[in-house]
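# Topology and contacts: notes
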Amino acid sequence: MKFSLRNRIAFYYMMATAIVIAVLFIAIYIVVYKTVYHHLDSDLDAESTEVFNNIVILNDRFIFTNENEWREREHIQFEVNPTFIQAIDTAGSIIRKTPNLFEGSLNFDPSLRTATYFNSSLGGSPTRQLQMPIHNQVGNTLGYLLIAIPLEESALVLNNLQLVLLGSFPVIILILFLVTRSIAGESIRPINEVIATAEKITQENLEERIELPAHKDELYRLASTINGLLERLEEALEREKQFTSDASHELRTPLATIKGTLEVLIRRPRDTEHYENKIRFCINELKRMSDLIDRLLLLARYDSGKLKPQIQTINLSEILETVLARMVELTQAKNLEFQFDDKKKPLVEADPSMLEVILENILSNAIKYSHDGSVVRMKIEENLEETIFSITNQSAGISQEKSAKAFERFYRGDEARTSSVGGFGLGLAIVKKMADLQNFRIRLDSEEGKETRFTLIMPNTAS
Amino acid sequence: MRILVVEDETGIANFLKEGLEEEYFAVDVAHDGNSGLEMALINDYDLLLLDWMVPGISGIEICRQFRKENPTVPIIFLTARDTVQDTVFGLEAGANDFIKKPFEFEELLARIRVQLRSAEGETTLLKLADVEMNLSTHQVFRNSQEIILTPKEFSLLEFLIRNKNKVCTRTRIIEHVWDIHFDTDTSVIDVYINSLRKKLEAAGQKNIIHTMRGVGYIAREKS
């Protein structure tokens, strides 16, 4: 069974209220019932007191003294508020009874030895009856006094009350259900609006937002949470778009260069040297393109999660030396001096090939942006949990705002964009991706016009 | 005709300069937005070729600022961006045409010629009296007789005929026929004019390039 939220709220509310109302109704009925019978019983009590006042009890019998008492209207007539009185001896034979009993007699229950109130009947009509033993001075029972009054009206009152309560109960519950249902519907209407708006939002109009309710309640939080989610989605999609657009730009540029160069080249005959130059140029451009494609594929593979880091314990210094050896030419070309504080042989938890790519990118960046003939300082520090590798170079540096962007794909500083430095702006993006996969932290601190420090923080081998 | 190319990719800038110069255009190259805008505003170009994404101020911004100063000089965008919004954005900024990278060089040439078409609406043919110039084959005919010109002579004649019946000052001629690397010694124009006249009048025809003393030159039929 599938209930809508509003029906469910209404149902639960109705159930709870039904129980409360049922308890209340039962209490009302009991109170009224008790009151009615208490009233009847005290009437019987009063009557019995009156009768006893007119009884003289001897040793072995009793005598009614006031004959007038038996002729009171309530004892003669039958129609309006009659009171029936009957006296019997211990054997059950009638000694005296009021005239309104005519041929009938009140029921006697010999098992009741003390004064008892009980429901009985007289000629088919319900009565309330008091049965009282009559004792002499020493306590022997001489006979019984039976007093009865009709119960019909009281029973009717109780019956009506029962009818009203039982009848009104389902009506009240039904009304309650309907009212609650409509209130619940009204109060969850904003949710339906949220649903309607959310349903309309697709990739094309992701900039749309759900209107926030006026009150800062749960719905407000729901709407603003969804808006926050949309915000993040939009940003992710925007980054994706930007990436695709950047990637296509980066691929088209070398293509356009090669195509244009060859088209101009073929327009007229040229000498061999000219041809050779242009072909060599085109080969270089193609190499640049295939480098870019390799990097894009690498990123795509890590993004899709197909490539997972193979974490093992490795020696950071060893990998660093391998990478440095590969950079000798670049270093010499810029006449850079490397200072390496390498006393320890720190072990880190990392994927060796990824760590190599990371270090290669960081080092080649440091070399690329360093001033000619400057010093590049590398340092390895260790604390209990982490190994911290940092590399500081003298360079133009970048502003804080730009250093935050440096890890974005295809981001390049202005210097890099003028092509004197080259690169695609993917190096640090790859570093970031690989660092994330291995739970490394990276930092880029730069003092504009002075130096730039790149820090890689790696978890230590768990000992 | 002088063209400014604003393009940060040296590879593309190089072949553009080379290819266009072979088509007798004078070509200047700027590698970033700021110098591009500066050059566009200082020099007198017949056409701007702008890359959208260049370091410094963007191609679109150059376009916008240049248009404020100069509403007529045609601007063609070279761009890898190809969404409709980009195109609309560029056209609204005042661009005349878009060419998507990678493009055919021949197409670029054709589009440049469309933007530079003559007052008669011709894109490859220029005429003055009995002199006919074919801009795509670089041939010049007088009375159907071909006259062989050097590239600079051709460019000079092209500029004069494009501006026929209008006085062309020496400065304007220098600005539109030579590129930025030429020093501003205008006397070299006289040398080229003389040799042009000689070639055009070799069969004893009328002179069509007239000297306006102290001002410059004018190409017209009547003397």
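In the block above lies the structure referred to throughout.
Worth saying up front: this structure is predicted, and the values here are computed from it rather than measured. (Residues numbered from 1 in each chain as written. Chains lettered and ligands numbered in written order. Predicted model: local features only at pLDDT ≥ 70, side-chain atom pairs only at ≥ 80, totals over all residues. Heavy atoms only, no water.)

## Digging into the nonpolar core
Definition in use: Buried residues of nine kinds, namely Ala, Val, Leu, Ile, Met, Phe, Trp, Tyr and Cys, make up a nonpolar core once their side-chain atoms join them within 4.5 Å. Burial status follows relative accessibility: with a 1.4 Å probe on protein chains alone, a residue under 20% of its type maximum counts as buried, one over 50% as exposed, and anything between as partly exposed. Comment: elements are numbered from the N terminus, with helices defined as DSSP H or I runs of at least four residues and strands as E runs of at least two. Whether two residues are in contact is decided by their heavy atoms, any of which lying within 4.5 Å being enough.
Grouped together as the largest cluster of nonpolar side chains are 50 residues, with contacts concentrated most on B:Leu20, B:Leu49, B:Ile112, B:Leu157 and B:Ile173. Ranked by residue count, the leading element in this core is helix α6 (residues 151-162) of chain B, at 6 residues. Leaving out residues up to four positions away in the same chain, B:Ile173 has contacts with B:Leu156, B:Phe159, B:Leu160, B:Cys168, B:Trp178, B:Ile189 and B:Tyr217. By size, the runner-up hydrophobic cluster in this structure holds 44 residues, among which are A:Leu296, A:Leu320, A:Val323 and A:Leu336.

## Here we look at the interface of chain A and chain B
Stated precisely, the cut-off is as follows: Two parts placed together each lose some accessible area under a 1.4 Å probe, and the buried area is that loss summed for both. By convention in these notes, a salt bridge is any Lys or Arg side-chain nitrogen within 4 Å of a carboxyl oxygen on Asp or Glu. In the analysis that follows, any N or O atom pair within 3.5 Å is treated as a polar contact, provided that within protein one partner can donate a hydrogen and the other can accept it, and provided that, for residues neighboring in sequence, both atoms belong to side chains. Three categories are distinguished: nonpolar for Ala, Val, Leu, Ile, Met, Phe, Trp, Tyr, Cys and Pro, charged for Asp, Glu, Lys and Arg, and polar for the others, with Gly belonging to the last.
At the junction of the two partners, chain A supplies 21 residues and chain B supplies 21 residues. Both faces combined, the contact of chain A with chain B buries some 2100 Å², and carbon together with sulfur accounts for 50% of it. Our count for the chain A to chain B interface comes out at 8 salt bridges. The salt bridge involving A:Arg267 is made with B:Glu23; its shortest N-O contact spans 2.6 Å. Inspection of the region where chain A meets chain B yields 8 residue pairs in polar contact (both at pLDDT 80 or more). Listed by contribution, the elements that provide at least two residues to the side of chain A that touches chain B are α4 (218-265) and α5 (272-303) of chain A. The element that contributes the greatest number of residues to the side of chain A that touches chain B is α4(A), accounting for 11 residues. Looking at the side of chain A that touches chain B residue by residue, the classes come out as 4 nonpolar, 8 polar and 9 charged.

## A look at the environment of B:Glu92
When you line up the elements, B:Glu92 lands in helix α4 (residues 84-92). Through-space distance from the C-alpha of B:Glu92 to that of B:Ile60 is 9.7 Å; in sequence the pair is 32 residues apart.

## As for the packing of aromatic side chains
Two aromatic rings are characterised by how far apart their centres lie and by the angle between their planes. All names here are of chain B. Inclusion rule: Two aromatic rings, drawn from Phe, Tyr or Trp (for Trp, its six-membered ring), form a pair once their centres lie within 6.5 Å of each other, and the interplanar angle then sorts them: stacked below 30 degrees, edge-to-face above 60, tilted otherwise.
The tally for this structure, following the rule as stated, stands at 13 aromatic pairs over all chains. Their ring planes at 45 degrees and their centres at 6.2 Å tell us that Phe15 and Phe103 sit as a pair that is tilted. Highlighted residues: Phe15 in helix α1 (residues 10-22) and Phe103 in the loop between β5 (97-100) and α5 (105-115), separated in sequence by 88 residues. On the basis of relative accessibility, which here comes to 2%, the residue Phe15 falls in the buried class. Relative accessible area serves as the criterion here: at 3%, Phe103 is assigned to the buried category. Members of the aromatic cluster, each reached through a chain of ring pairs, are Trp52, Phe77, Phe89 and Phe98.

## Regarding the sheet that holds strand β6 (residues 125-128) of chain B
Residue and element names in this part refer to chain B. So the rule is basically this: Following DSSP output, two strands are said to pair if at least two bridges run between them. Only the stretch in contact is used when fitting a helix axis, every axis being a line fitted to C-alpha atoms; angles between N-to-C directions are given from 0 to 180 degrees.
The sheet built from 4 strands is open, its strands ordered β6-β7-β8-β9 with antiparallel pairing. What marks the edges here is a single partner per strand, and that holds for β6 and β9 (145-147). With strand direction ignored, the average angle separating the axes of adjacent strands in the sheet is 25 degrees. The pairing of strand β7 (residues 131-134) with strand β8 (residues 139-142) spans 4 bridges and is classified as antiparallel. Along β8, the bridge assignment pairs Asn134 with Gln139.

## Quick word on α6(B)
All names here are of chain B. The condition that has to hold: Here the expected span of a helix is defined as 1.5 Å times the quantity of residues minus one.
Its 12 residues give α6 an end-to-end C-alpha distance of 16 Å, which sits within 8% of 16 Å, the value for a rise of 1.5 Å per residue. With respect to burial, α6 is a largely interior element, 10 of its 12 residues being buried. All buried positions along α6 are accounted for by Glu153, Phe154, Ser155, Leu156, Leu157, Glu158, Phe159, Leu160, Ile161 and Arg162.

## A few points about the pattern of salt bridges
Charged atoms that come close allow side chains of opposite charge to pair. If you walk through the whole model with that rule in mind, you get 33 salt bridges over all chains. Here A:Arg288 makes a salt bridge to B:Glu9, at a shortest N to O gap of 3.9 Å. On the criterion of chain membership, the pair formed by A:Arg288 in helix α5 and B:Glu9 in the loop between β1 (2-6) and α1 is interchain, its members lying in two chains. Given the relative accessible area of 24%, A:Arg288 is considered partly exposed. The salt bridge partner of A:Arg443 is A:Asp445, with a shortest N-O separation of 3.1 Å. For A:Asp445, a relative accessible area of 24% translates into the label partly exposed.

## Observations regarding α4(B)
Residues and elements named next belong to chain B. Our working definition: What the arc covers is the set of directions going from the helix axis to the C-beta atoms.
Listing the buried residues of α4 in full gives Asp86, Thr87 and Gly90. Viewed along the axis of α4, the buried residues span an arc of 100 degrees, placing them on a single side of the element. For α4, exposure combined with an orientation more than 90 degrees from the buried face picks out Val84, Gln85 and Glu92. Of the surrounding elements, those touching the buried residues of α4 are α3 (59-69), β4 (75-79) and β5. Once α4 ends, the next one or two residues include Gly94, with phi positive near 115 degrees.

## Topic: the sheet that holds strand β6 (residues 125-135) of chain A
All names here are of chain A. Pairing in this open sheet of 5 strands is antiparallel, and the strands run β4-β3-β7-β6-β5 from one edge to the other. This sheet does not close on itself; its edge strands, each paired only once, are β4 (94-97) and β5 (116-122). Going from strand to strand, the sheet's axes swing by 25 degrees on average, the running direction of each strand aside. Here 3 bridges tie strand β3 (residues 84-89) to β4, and the two strands are oriented antiparallel to one another. By the bridge assignment, Gln86 is partnered in β4 with Lys97. Set on the sheet, helix α1 (residues 5-53) makes contact with β3, β5, β6 and β7 (141-150); between it and β6 the angle comes to about 40 degrees.

## Some details on the pairing of β7(A)
Residues in a regular strand project their side chains so that they alternate between the two faces of the sheet. Residues and elements named next belong to chain A. Of all the 10 residues making up β7, 8 are buried; the element is thus mostly covered by neighbouring parts of the structure. When β3 meets β7, the two strands line up antiparallel, connected through 6 bridges. Across the sheet, residue Ile85 finds its bridge partner in β7, namely Ile147. Between β6 and β7, which pair antiparallel one after the other, the connecting turn spans 5 residues, and Gly139 there sits at a positive phi close to 100 degrees.

## What to know about the packing of helix α3 (residues 152-200) of chain A against α4(A)
All names here are of chain A. What counts, and what does not: Relative orientations are named as follows: roughly parallel for angles under 35 degrees, roughly antiparallel for angles over 145 degrees, roughly perpendicular for angles from 65 to 115 degrees, and oblique for any other angle.
It is at 10 Å that the axes of α3 and α4 come closest, and there the two elements cross at 5 degrees. Between α3 and α4, the interaxial angle falls into the category roughly parallel. Contacts from Ser187, Pro190, Ile191 and Val194 in α3 reach Leu219, Leu222 and Ile226 in α4. Its residues assigned to classes, the contact of α3 with α4 comprises 6 nonpolar, 1 polar and no charged.

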